[in-house]
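Spelled out from the first residue to the last, the chains are:
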Amino acid sequence: MVTIKRPEEVARMRHAGAILADVLGVLAAELRPALSTIELDEIAERMIRDAGAIPSFLGYGGSRGTIPFPGSICVSINDEVVHGIPSGERRLRVGDVVGLDIGCIWQGWHADTARTFAIGQPSERVARLIDATRRGMEAGIAAALPGSRLGDVGAAIEAVAHEHGYGIVRPFVGHGIGTAMHEDPQVPNYGRPGTGMRIEAGMCFAIEPMFTLGGDDVALLDDGWTVVTADGSISAHFEDTIAVTPSGPEVLTRA
């Protein structure tokens, strides 16, 4: 069931989003060669808890019989699309493409965000992928207007990917968000204009395109969490939580 959030509920999500924006800013400044991904996780968890919030991802339910997610954030590198598990053994290297996905709960309400960064100077090809994925997210957000349809959002995102010939990860999509991290409806990163559920003011979505330098297909690693591109190509992931207002979308996960 899709829920309409009241202004005071959106306000709690906005506060959660502000916490995440602060965390992402600190993590972005910390990114450097030799840093372990568990160090990023520890920084994020400490900041989230110090702000009076709870990490959304830590202990999130497993899949295929695996353990609940063991980290407070997801750190996905190069061909890892989403849900990379932080590790003390995994250290960043020059040339890595790093996706950071972070969620938190404040007073019972969630926010969810992700950004992709390059360690060192990326190749032009990688830099274009990262920028296009960000622009795909922005296009999807701009299309989330009262009276529009979810297909308009997906079509706007898909158009950016197709402009550059990038793959679009289809099994993993955006979603509604509120008192649960994943609520109805699903918000695909592809679609046809004028189709799908009609968008109303008060709806809240996490919009999160994932583009690749190769094909659309992905695979799940044996850890039951980490999703990789099937062809080993580099991927990028961006996400913001938004609230639909009568005048248009409000991004809740930026400073």
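Residues numbered from 1 in each chain as written. Predicted model: local features only at pLDDT ≥ 70, side-chain atom pairs only at ≥ 80, totals over all residues. Heavy atoms only, no water.

A. Up close: the overall build of the chain. Assigned secondary structure in the chain consists of 4 helices and 15 strands. For 255 residues, the compact-globule estimate of 2.2 N^0.38 gives 18 Å, and the C-alpha radius of gyration of the chain, at 17 Å, lies within 12% of that figure. Within the span of the chain, comprising 255 residues, buried residues form 52% of the whole. Taking all contacts inside the chain whose residues are at least 6 apart in sequence as the whole, residues at least 24 apart take part in 70%. About 10,500 Å² of surface is accessible on the chain, with carbon and sulfur atoms providing 52% of the total. A distance of 3 Å separates the average location of the 21 positive side-chain charges in the chain from that of its 33 negative side-chain charges. (Helix = DSSP H or I, 4+ residues; strand = E, 2+ residues; numbered from the N terminus. Rg over C-alpha atoms; globule rule 2.2 N^0.38 Å. Buried < 20%, exposed > 50% of the residue type's maximum accessible area, 1.4 Å probe, protein only. Contact = heavy atoms within 4.5 Å. Areas by Shrake-Rupley, 256 points an atom, 1.4 Å probe, with all protein chains shown as cover. Lys, Arg positive; Asp, Glu negative; His and termini not counted. Charge placed at Lys NZ, Arg CZ, Asp CG, Glu CD.)

B. Local environment of the state of the cysteines. Under the defined criterion, the tally for this structure stands at 0 disulfides. For the unlinked cysteine Cys74, the closest cysteine sulfur is that of Cys104, found at 14 Å. Exposure remark for Cys74: the relative accessible area of 4% places this residue in the buried category. The closest cysteine sulfur to the non-disulfide-bonded Cys204 is located on Cys104, 14 Å from its own sulfur. (Disulfide = S-S within 2.5 Å.)

C. The pattern of salt bridges, seen in detail. Counted according to the given criterion, the structure contains 16 salt bridges. The salt bridge involving Glu45 is made with Arg49; its shortest N-O contact spans 2.8 Å. Note that Glu45 and Arg49 are positioned in helix α2 (residues 37-50) at a spacing of 4 residues, about one turn of the helix. Taking relative accessible area as the criterion, Glu45 reaches 22% and is therefore assigned partly exposed. With a relative accessible area of 40%, Arg49 lands in the partly exposed category. Note that Glu158 and Arg170 form a salt bridge whose closest N and O atoms lie 3.5 Å from each other. Taken together, the positions of Glu158 in helix α4 (residues 150-164) and Arg170 in the loop between β6 (167-168) and β7 (174-176) put the pair 12 residues apart, joining distant regions of the chain. Given a relative accessible area of 29%, Arg170 falls into the partly exposed group. Salt bridges here are not isolated pairs; linked through shared partners, they connect Arg115, Glu138, Asp240 and Arg254. (Salt bridge = Lys/Arg side-chain N within 4 Å of Asp/Glu carboxyl O.)

D. View of the nonpolar core. The biggest cluster of nonpolar side chains holds 29 residues, and the ones touching the most others in it are Leu129, Val153, Tyr166, Ile199, Phe205, Ile207 and Phe211. Of all the secondary structure elements, the ones that give two or more residues to this core are α3 (124-143), α4, β9 (204-207) and β14 (240-245). Residue contributions to this core peak at 7 residues, all from α3. With sequence-adjacent residues up to four places away left out, Leu129 is seen in contact with Tyr166, Phe211, Thr212, Leu213, Ile234, Ser235 and Ala236. Membership of the second largest hydrophobic core comes to 24 residues, among which are Leu20, Ala44, Ala53 and Ile119. (Core = buried A, V, L, I, M, F, W, Y, C linked by side-chain atoms within 4.5 Å.)

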